[in-house]
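Report on the structure
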There are 2 protein chains.
Amino acid sequence: MVTIRDVAKLAGVSVATVSNTVNDPKRVSDELRERVLKAIETLNYAPRAAARSLRKQSSGLIGLIVADITNPFFTELVQAVEAIAGQHGYSVLLCNSDEDPVREAKHLQVLRSQWVDGIILATTGEVSLSRTSLLSQSRVPVVLVDRAFDGLGLDAVVLNNRLAAQQATQHLIRRGHRRIGLLSGPTSVTTGADRLTGYREALLGSQLPFEPDLVREAGFREQQAYDATVELMRLSQPPTAVFAANNLMAIGMMRALSDLGLRCPDDVSVISIDDFAWANVFRPRLTTIAQPVREMGEMAVRLLTDRISGSRSGTGSTHMLESRLVVRESCAAPMGVAVPLSVTTP
Amino acid sequence: MVTIRDVAKLAGVSVATVSNTVNDPKRVSDELRERVLKAIETLNYAPRAAARSLRKQSSGLIGLIVADITNPFFTELVQAVEAIAGQHGYSVLLCNSDEDPVREAKHLQVLRSQWVDGIILATTGEVSLSRTSLLSQSRVPVVLVDRAFDGLGLDAVVLNNRLAAQQATQHLIRRGHRRIGLLSGPTSVTTGADRLTGYREALLGSQLPFEPDLVREAGFREQQAYDATVELMRLSQPPTAVFAANNLMAIGMMRALSDLGLRCPDDVSVISIDDFAWANVFRPRLTTIAQPVREMGEMAVRLLTDRISGSRSGTGSTHMLESRLVVRESCAAPMGVAVPLSVTTP
DNA sequence: CAATTGGTAAAAAACGTTTAAAATTTCAGC
DNA sequence: GCTGAAATTTTAAACGTTTTTTACCAATTG
């Protein structure tokens, strides 16, 4: 184990000089800096983060808690956050709550004792538990991502979920659909509730009735969406199109349709929120509402580092990013309905 | 900021007693322990990891470096490692090298200065650079995963890649194929080289000729596989089946086939290494060779914690896990060839 | 009854840095 | 050459734990 003392001894200077050459090289004369650098090189010295952060009262770590790392949305978020945090000189401590509020709370405890400099949190939404530990825990800056909640004055970066859901629903309406199903997320989390709202607003805007029977809560999960799709399609009057509120549910739905012997988009059209790299390897290629995932990660990191540096303070605000419609092949006109010309070449 | 001193003061004991009740409760009398615990509770005290690890010479952190986190194989590996490391009381510092040896080396530097207790490394294979920094860096235990390399005596947990490639190739052969293409990974990494070897062995075992023209190096990347597929299919005698050496290349291939107007499995059969959650949402559902990803993560963590605790020592060894054939729909008999009965109902 | 033992608690010494304060050197201006 | 200021370097004091050493007290033993 090579410490700063060893370097100092070899270079024939004090430890303070070594520390200075590492942290603020211009404070030390050319000659000594030269000697110190050489000593560091030959000893292959690296300062010990634990000692440094003890003294500096900051760890150089940020915590990232995601709800489900196997969800491509979060995977891409993790990728972006890790890359951008790295550019800012931070390493990231990754936590995966697996949609479990208890695990989320535990992770928060760990992050607290690690004294991370900040936390980016995609909460499970069951905030009762985590909220308290969040609050009680010292002044660690927290930025929410994907899923917001009010009342704590935290910064948040989220999709404009209402508009996104409107976009999706309107796309189906423009294609001529009148009975549009919804695979909804849990309304206890903002992403679930807002997307439901957007769906209703779109219907309303086109003077279409809202039929509760066509809406199924499937918890953002694939298997639940599979089951819900089966139910929907067995209605006496099944929907001619379905809007899935996230990627996992879209996949569950596709699987169900295929097992039911229904063809997409011939028998039923599908659109969903969340684009992902392989959406166009599916058959049919999925029409989706894309989220600017990378920008979300980027913004979250920037908000967080600004909080950490103190250049940002006061109560936080919610930052909304806009979605983008990606038209592929999974939406067609319902059987027997002529498609308006304007839509045939999107 | 509440420190151990504050707790000690409130409980009316020395700091040593507080430390003992936290770390080794049975060393302190019931009465004092009671008082201390209460004080900790009311102050909501959490020991500071930096101070603790400075003194204990261990950080409770393990570093995990993956080559490409958006690759579902690595995503699942990350999930497994994070979960299991958590059970062992470790948090994981996630690093994504993006198949870039330079980034990998940088990450290793960071992990070194963070003094992680151990590292799980899926190396990019370009070891020249990372190898040196690995060697020079102190005695941090390292476990390689997915991709091994010899000469450093490190523990490694990998797939039995030769056998896996044999399985894949033989499956195609049994279906009646005689001209089988290979989308290969770079032979500079073990996974690439071994899977190529397995492919050749399978051909040899069935007295089929090895035709270099049917083998394309596509760097484990989707786009390169796309291009390679186009080339393959434009040969005067194109293959009737192709074995893609990983998931990403299988996807690139499917995309290319579709763009070429070729149907799978009617015109060309496809099999690949790496199963993933959505392989059966693709059309056709992909026949794959599944890796026991979760077990690999589990074993890697166990090897690492054993090294850390010192219960394992000496030069490391390579642990091979076996693959499993998952038959779905992407492999059929070549046109005009009768399929042996034994394979029609796999 | 003195001496030893055993158990519990407190005091104090690390751990390896950074940084404020003190000391030394350098150097310009007179 | 002297003075004071500026630049550079060193000394020493933190940072918050854990752990070794020391102190204390009671009980047991010779």
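Residues numbered from 1 in each chain as written. Chains lettered and ligands numbered in written order. Predicted model: local features only at pLDDT ≥ 70, side-chain atom pairs only at ≥ 80, totals over all residues. Heavy atoms only, no water.

**Some remarks on the overall build of chain A**
Formally: The helix and strand labels rest on DSSP assignments: H or I over at least four residues marks a helix, E over at least two residues marks a strand, and numbering proceeds from the N terminus. The globule rule is 2.2 Å times the number of residues to the power 0.38, and the radius of gyration it is compared with is taken over C-alpha atoms. Using a 1.4 Å probe on the protein chains alone, a residue whose accessible area is under 20% of its type maximum counts as buried, one over 50% counts as exposed, and one in between counts as partly exposed. Note on definitions: a residue-residue contact is assigned when non-hydrogen atoms from the two residues lie within 4.5 Å. The accessible surface values rely on the Shrake-Rupley method and a 1.4 Å probe; as for residues, cover is taken only from the protein chains in view. The positive count covers Lys and Arg only, the negative count covers Asp and Glu only, and His and the chain ends enter neither. One atom stands in for each charge, and that atom is NZ of Lys, CZ of Arg, CG of Asp or CD of Glu.
Counting its secondary structure elements, chain A contains 13 helices and twelve strands. In terms of overall size, chain A is more extended than a compact globule, its C-alpha atoms giving a radius of gyration of 26 Å where 346 residues would be expected to give roughly 20 Å. Seen through its C-alpha atoms, chain A measures out along the principal axes to roughly 90 × 40 × 35 Å. Taking all 346 residues of chain A together, 56% fall into the buried category. Taking the intrachain contacts of chain A between residues at least 6 apart in sequence as the baseline, contacts between residues at least 24 apart amount to 71%. Accessible surface for chain A amounts to roughly 14800 Å². Of this, 50% is attributable to carbon and sulfur atoms. Each charge class in chain A can be summarised by its mean position, and for the 37 positive and 36 negative side chains these summaries are 5 Å apart.

**Section: the relation of the copies chain A and chain B**
Using the following cut-off: Least-squares fitting of one copy onto the other uses the C-alpha atoms of those residues that reach a pLDDT of at least 70 in both copies.
When chain A is fitted to chain B, the best match, at an RMSD of 0.1 Å, comes from turning it 180° and sliding it 0.1 Å along the axis. Those values place the two copies in the arrangement expected of a two-fold rotation axis. The residues that chain A uses at the interface reappear at the interface of chain B in 100% of cases, marking a shared surface.

**A short note on the protein's contact with DNA strand C**
How we decide: Here a residue is near a molecule or strand as soon as one of its heavy atoms is found within 4 Å of it. Pairs of N or O atoms are called polar contacts if they sit within 3.5 Å, as long as, within protein, a hydrogen donor faces a hydrogen acceptor (for residues adjacent in sequence, only side-chain-to-side-chain pairs).
Surveying the vicinity of DNA strand C reveals 25 residues, the closest of which are Ile-4, Ser-19 and Arg-55 of chain A together with Ser-29 and Arg-55 of chain B. Among the atoms of DNA strand C close to the protein, meaning within 4 Å, 68% are from sugar or phosphate groups. Here a sugar or linking oxygen of DNA strand C and a side-chain polar atom of Tyr-45 of chain A are 3.1 Å apart. Take Arg-48 of chain A: an N or O atom from its main chain is 3.4 Å from a phosphate oxygen of DNA strand C. Broken down by secondary-structure element, the contributors of at least two residues to the surface near DNA strand C are α1 (4–11), α2 (15–23) and α4 (49–56) of chain A together with α2 (15–23) and α4 (49–56) of chain B. The leading source of residues in the surface near DNA strand C is α4 of chain A, at four residues.

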